[in-house]
Every structure is written in C-alpha cells, then in structure tokens.
Amino acid sequence: MRRSTPVLTAPEYSVRVVECSDEHPGWSAAEPADTFGLVLPRRGHFRLASAGVEQSVDVTRGYAQVPGREQRFAHPSGGDVCTFVSVGPTLWQEIAGDRPPSAVVRVDGATELAHRLLLRTAHDAADPAERLVRTVAAAARTAASDGAPASARTPAARTARARLVARARAAVLDAAPMSGDLVSLARALGASPAHLSRVFQAETGTSLTQFRNRVRVSRALDRLEAGDADLAALAGDLGFADQAHLTRTVRATLGTTPGRVRRAFAHAA
C-alpha cells in the first residue's frame, strides 16, 4: 500500500512524502515517469530498474526521473519512506542544466540535510522555493554514474560482485549485528575481507567504512530531528566509540557538529 502526503505545492514544483508498506520481492510492471523529479529516501530501502541500470535505493542513494523514462520497483525488505520532489521542465533546466540526469543520485550528507530542512519549510518562515532549489542543486551535483566498472572478466563475475555488494549494503542498512566491522561482515557473506573491501569500493565509489558512517550519520540526523539531546547516549546507540567519535564523523560528513545540527532543526521547528 502506498500513501502520499503533500508537503509543498506550487505551480512549478511539488513535494510529497510517500510511504510504501508493501513487500514485493519481484519487479513491478514498468511505469513511465511523467515529470522531472527526485526521489530521496528517508527510511528503508528498495530496488529500482531504470535507464538500463538496476540499483539499490536507500538513504545514501536516491534517483532522478525524466519524463518518459520507464521505472520498475522491487521491495524485498518491506516498507520505506521517501520524499518525491516534482519539478517543472523549465525550473529543472534552470537548476540542473540541459544534460539529462542519471538515474543514480548519490545522497551525501549535505544533500540529506538540505532535503530534511526542505521538509520542515512548511513549519517555519523559510522561503520554500529557495530550499527546494538548494535541495535539487545539491542532488544534481551528485547525480552521476554509480561507478560500477566493467573490470570483471565475465558477466557471471560481474553479477557475483554486484550481488555481494548488494548484500553488504543491505546488512549495513538493516543494522545487522555482523555489519559493524569489515571482517565480521565479510565472513558472514562468505567473502574475504580484502575482496569485499576492494569490490565494494570499485562498485560504489566509496569504501565500506565510509558507507557505514554515512548510514550512521543518517540515523543520527533522524534522532536529532526527533529532539534527542543526549549526544553520548546517541553515540552509543549508533555504534560510535564515544561522543567525540560521533562528533568527528558528523563534522566530516556534514561539515558541522551534532550540536549545530540539533539547533538548526530546533530553529526550523
């Protein structure tokens, strides 16, 4: 079941929160997009097939859609919550340029923070158009090929590499107990740590440690947005060594500290 809740509506754009509670391991029928837009996940993860590419969609990787481009979806892990930003063609071109966007949008920390603040625009005095432009511009900056190389020698080898990376991503996203370090995760997946590390970097363009920290920072943003004030407890809950480790990781990812992020959310509220 899918539920859509409007957040912002204007002649040239709209923002909706879409909640999907279905679990469909198989692919859906092809759905052609009817507008330019971005889908930026907030919780959960699912699979997308679009523009000849199959990919995982999660808090670190959303997707762009183009009118007429077909999309298919699979939800093997249950429900998810995403933000759908629909933008008219003129405004899209003004923000993102003439080049058709890749289906893949890497959501770095700055993009996610812009996205979350966009969702709070209706509750404060910020200019919704300015926040929307900042969000789309940040996402367009990271829209690129997902960097999966063609270095594997056979189609079977490429498929095996992609499957290994997908399983590793899912373990981290689901906070599986063995996902806290490379060695434990590699053994659970039946791969050597060196192979998993090398393949993950090659297939995604980022290290497993960077991906894990990126997901942890997303969870920290979720908690800070909800009003959590005990940073030491937050650090322990999310698997950081201590509060200083949390602060260093958030600063490296977002360019600011957890305390300042918390104040930004409080100010937006």
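Scroll up a little and you will see the structure.
Let me begin by describing the structure that accompanies this report.

What counts as what
Residues numbered from 1 in each chain as written. Predicted model: local features only at pLDDT ≥ 70, side-chain atom pairs only at ≥ 80, totals over all residues. Heavy atoms only, no water. Salt bridge = Lys/Arg side-chain N within 4 Å of Asp/Glu carboxyl O. Helix = DSSP H or I, 4+ residues; strand = E, 2+ residues; numbered from the N terminus. Buried < 20%, exposed > 50% of the residue type's maximum accessible area, 1.4 Å probe, protein only. Pairing = 2+ DSSP bridges. Axes fitted to C-alpha atoms, helices over the stretch in contact; angles between N-to-C directions. Contact = heavy atoms within 4.5 Å.

1. Some points on the pattern of salt bridges
Applying the stated criterion to the full structure yields 14 salt bridges. Among the salt bridges present, the one from R3 reaches E19, with a minimum N-O distance of 2.8 Å. Taken as a pair, R3 in strand β1 (residues 2-10) and E19 in strand β2 (residues 13-20) lie far apart in primary sequence, 16 residues in all. Notably, a salt bridge pairs D222 with R116, separated by 3.4 Å at the nearest N-O pair. In this pair, D222 sits in helix α7 (residues 208-225) while R116 sits in helix α2 (residues 109-119), placing the two residues 106 residues apart along the sequence. Residue D222 is classed as partly exposed on the basis of its relative accessible area, which comes to 24%. Using a relative accessible area of 1% as the deciding quantity, one classes R116 as buried. Overlapping salt bridges bring together R42, R43, E112, R116, R120, R214, D222 and E225 as one network.

2. Comments concerning the sheet that holds strand β6 (residues 53-57)
Strand order in the open sheet formed by 4 strands is β3-β8-β5-β6, with antiparallel pairing between adjacent strands. Lying at the two open borders of the sheet, with one neighbouring strand each, are β3 (31-32) and β6. Sheet analysis places β3 next to strand β8 (residues 70-74), joined by 2 bridges and oriented antiparallel. Paired with E31 across the bridge in β8 is Q71.

3. Observations regarding the sheet that holds strand β9 (residues 80-87)
Within a sheet, neighbouring strands are paired by backbone hydrogen bonds and run either parallel or antiparallel to one another. As summarised here, the arrangement of the 6 strands in space is β1-β2-β9-β4-β7-β10, forming an open sheet in which the pairing is antiparallel. In the strand order of this sheet, the two ends are held by β1 and β10 (104-106), each with one partner. Mean inter-strand twist for the sheet, computed between neighbouring axes without regard to direction, equals 25 degrees. As paired strands, β2 and β9 are joined by 8 bridges and run antiparallel to one another. In the sheet register, E19 faces β9, and the bridge partner there is V81. Helix-sheet contacts for helix α3 (residues 128-142) involve β1, β2, β4 (36-43), β9 and β10, and the interaxial angle to β2 is about 65 degrees.

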